[in-house]
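So you can see what is in the structure, the chains are spelled out below.
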Amino acid sequence: MANKNQHKVIIIGSGCAGYTAAIYAARANLSPLVFEGVQPGGQLTITTEVENYPGFPEGILGPELMERVKKQAERFNAKIISENVTEVDLSKRPFRVKAGNEDYWAEALIVSTGASARLLNIESEKRLMGHGVSACATCDGFFFKGKEIAVVGGGDTALEESMFLTKFASKVTVIHRRDQLRASKIMQEKTKKNPKIAFIWDSAVEEILGDGKNHSVRGLRLKNLKTGTTSEFACQGLFVAIGHKPNTELFQGKLELNPAGYIVTKDGSKTNVPGVFAAGDVQDHVYRQAITAAGSGCIAAIDAERFLEAATP
Ligand SMILES: Cc1cc2nc3c(=O)[nH]c(=O)nc-3n(C[C@H](O)[C@H](O)[C@H](O)COP(=O)(O)OP(=O)(O)OC[C@H]3O[C@@H](n4cnc5c(N)ncnc54)[C@H](O)[C@@H]3O)c2cc1C
């Protein structure tokens, strides 16, 4: 291509979806350019053991898995840039992507900017994430067999995760800021009937107690928001289930988003703008797994390749 910043395929995001799209696009000779963003490797880099990614019977550390996927993309000459994309113009092709002080152009664009689990944003949560604190029950429930754990949140996700966690934990205590749940009535009824689930109302987690060795959370310091009193609650793990936020600020008014802000995709990875594809958690509020993100990255690369093939005169 004439200009060094003109590319057949640009991929925004370097999680499982972005790097998998890069592997497929690179092997299809599309020389993709990947923008890593502020979290190179994506969400898996903030966890420890990943035990459900196929091909690793002993499990693998999240950051190591992502390092390997990155190497695989680089092996086929995907170009990776450590920049955050700050602006996109999707009104005409080639699409313009701005990162740092430069503009780049893409014949096809794959958006894989992921989603961020909403967290409590306290120091002990950061320190103990992956060491007794988790934001994903499907991913980490298995580590809490026979343990007493807590779940923070009051919506459908928090209750679904609590129900799921009773398969492993001996007791699950839901901690909620208010005295009423936001979750649907049916979910509330199911949860309240489960003998393994208890509730603590009107309370916020002020601190997670433990040194994190061998998943050794030993409790929580809770603050009752009505009385202002603090107390210690003994448990061996904490799941934060206060929602997810898709990283779609860049695409507001430019791509069709659902009411929760996720990119709407149809027929595989197609967005409402021909030539723009989306993959991974940014368009999936249901499954949110590394393997599903990787699978949809593959789909997006194949869709982009077919789009470019059809668009070539
Ligand atoms: C604590 C934790 C533990 C987990 N454990 C497991 C597990 O054991 N097994 C499992 O299957 N799943 C697990 N998950 C879920 C899994 O991590 C996600 O489903 C997966 O990472 C989604 O991949 P993704 O590529 O869609 O997005 P993400 O991993 O969210 O990556 C998004 C990427 O987009 C980039 N980005 C965002 N905005 C921009 C921008 N403006 N410009 C450029 N780049 C941008 C970010 O830097 C990042 O690289 C876990 C999640 C968390 C939070």
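Below or above, wherever it landed, is the structure these notes cover. (Residues numbered from 1 in each chain as written. Predicted model: local features only at pLDDT ≥ 70, side-chain atom pairs only at ≥ 80, totals over all residues. Heavy atoms only, no water.)

Here's the deal with the packing of aromatic side chains
Then, number 1: The tally for this structure, following the rule as stated, stands at seven aromatic pairs.
Then, number 2: For the pair F35 and Y104, a centre-to-centre distance of 5.0 Å together with 75 degrees between the ring planes defines the contact as edge-to-face. Remark: Y104 occurs in strand β8 (residues 102-111) and F35 occurs in strand β2 (residues 33-35); sequence separation between them is 69 residues. In this pair, the class of F35 matches that of Y104, namely buried.
Then, number 3: Measuring from ring centre to ring centre gives 6.2 Å for F142 and F168, while their planes differ by 75 degrees; the resulting arrangement is edge-to-face. Of the two residues, F142 sits in the loop between α4 (137-140) and β11 (148-152) while F168 sits in the loop between α5 (156-165) and β12 (171-175), which places them 26 residues apart along the sequence.
Then, number 4: For F168, a relative accessible area of 18% corresponds to the buried category.
Then, number 5: Chaining the aromatic ring pairs together yields one cluster made of F142, F164 and F168.
Then, number 6: Against the face of F76 rests R27, its NZ or CZ located 5.2 Å from the ring centre. (Phe/Tyr/Trp six-rings, centres within 6.5 Å; stacked < 30°, edge-to-face > 60°. Helix = DSSP H or I, 4+ residues; strand = E, 2+ residues; numbered from the N terminus. Buried < 20%, exposed > 50% of the residue type's maximum accessible area, 1.4 Å probe, protein only. Lys NZ or Arg CZ within 6 Å of the ring centre and 35° of its normal.)

Examining α5
Then, number 1: Turning to α5, its buried residues number three or more, namely A158, L159, E161, S162 and L165. End-on view of α5: buried residues confined to an arc of 160 degrees, all on one side of the axis.
Then, number 2: Each element contacted by the buried residues of α5 is listed here: α4, β11, β12, α6 (185-193), β13 (197-200) and β17 (237-240). (Arc of directions from axis to C-beta. Contact = heavy atoms within 4.5 Å.)

Description of the state of the cysteines
Disulfide: a covalent bond formed between the sulfur atoms of two cysteine residues.
Then, number 1: A complete count under the given rule lists one disulfide for this structure.
Then, number 2: Between C136 and C139 runs a disulfide, and the two sulfur atoms are separated by 2.0 Å. Between C136 and C139, the disulfide has an S-S torsion of 65 degrees and is therefore right-handed.
Then, number 3: No disulfide involves C16; its sulfur sits 10 Å from the nearest other cysteine sulfur, which is in C139.
Then, number 4: With no disulfide of its own, C298 has C16 as its nearest cysteine by sulfur position, at a separation of 13 Å.
Then, number 5: For C298, a relative accessible area of 17% puts it in the buried group. (Disulfide = S-S within 2.5 Å.)

A closer look at the pattern of salt bridges
Then, number 1: For the coordinates displayed, the defined rule picks out eleven salt bridges.
Then, number 2: Salt-bridge contacts for R127 lead to E123; the nearest nitrogen and oxygen are separated by 3.0 Å. With R127 and E123 both in helix α3 (residues 123-128), this residue pair falls four residues apart, about one helical turn.
Then, number 3: Judged by its relative accessible area of 54%, E123 falls in the exposed class.
Then, number 4: Notably, a salt bridge pairs K245 with E249, separated by 2.4 Å at the nearest N-O pair.
Then, number 5: For K245, a relative accessible area of 32% puts it in the partly exposed group.
Then, number 6: Under the relative-accessibility criterion, E249 is labelled partly exposed at 47%. (Salt bridge = Lys/Arg side-chain N within 4 Å of Asp/Glu carboxyl O.)

Details of the site of the ligand
Then, number 1: Inspection of the region around the ligand gives 33 residues, with E36, Q39, Q43, D281 and A290 positioned closest.
Then, number 2: The contact in question runs from an oxygen atom of the ligand to an N or O atom on the backbone of S112, over 3.4 Å.
Then, number 3: D281 places a main-chain nitrogen or oxygen 2.8 Å from an oxygen atom of the ligand.
Then, number 4: Alone, the ligand offers 1,000 Å² of accessible surface; in the complex the protein occludes 95% of this.
Then, number 5: Looking at side-chain class alone, the shell around the ligand contains 14 nonpolar, 15 polar and four charged residues. (Near = heavy atom within 4 Å. Polar contact = N/O pair within 3.5 Å; in protein donor to acceptor, adjacent residues only side chain to side chain. Areas by Shrake-Rupley, 256 points an atom, 1.4 Å probe, with all protein chains shown as cover. Nonpolar A, V, L, I, M, F, W, Y, C, P; charged D, E, K, R; others polar.)

Describing the environment of L222
Then, number 1: Along the chain, L222 falls in strand β15 (residues 217-224).
Then, number 2: Placed 15 residues apart in sequence, L222 and E207 show a C-alpha to C-alpha distance of 7.2 Å.
Then, number 3: With residues near it in sequence (within four places) discarded, L222 still touches I175, I200, A204, V205, T229, T230, S231 and F233.

Some words on the pairing of β12
Then, number 1: Most of β12 is tucked away, with four of its five residues classed as buried.
Then, number 2: Across five bridges, β11 lies against β12 in parallel orientation. Looking at β12, one finds that E148 is bridged to K171.
Then, number 3: Since β11 and β12 lie parallel, the crossover through α5 that links them has a hand, and here it is right-handed.
Then, number 4: Inspection of the sheet shows β12 paired to β13 by four bridges, in the parallel sense. Looking at β13, one finds that V174 is bridged to F199.
Then, number 5: Regarding topology, α6 serves as the crossover connection from β12 to the parallel β13, and that connection is right-handed. (Pairing = 2+ DSSP bridges. Right-handed = clockwise from strand over helix to strand, strands pointing away.)

A closer look at the nonpolar core
Then, number 1: Of all hydrophobic cores here, the largest spans 34 residues; its most connected members are V9, I11, C16, L44, A108, I110 and F277.
Then, number 2: Of all the elements in the fold, those that place two or more residues in this core are β1 (6-12), α1 (16-27), α2 (62-75), β8 and α7 (290-311).
Then, number 3: Beyond its immediate chain neighbours, meaning those up to four positions away, C16 contacts L44, M66, A290, A293 and A294.
Then, number 4: Core analysis: the next-biggest nonpolar cluster, separate from the first, contains 22 residues, F35, V85, F251 and V276 among them. (Core = buried A, V, L, I, M, F, W, Y, C linked by side-chain atoms within 4.5 Å.)

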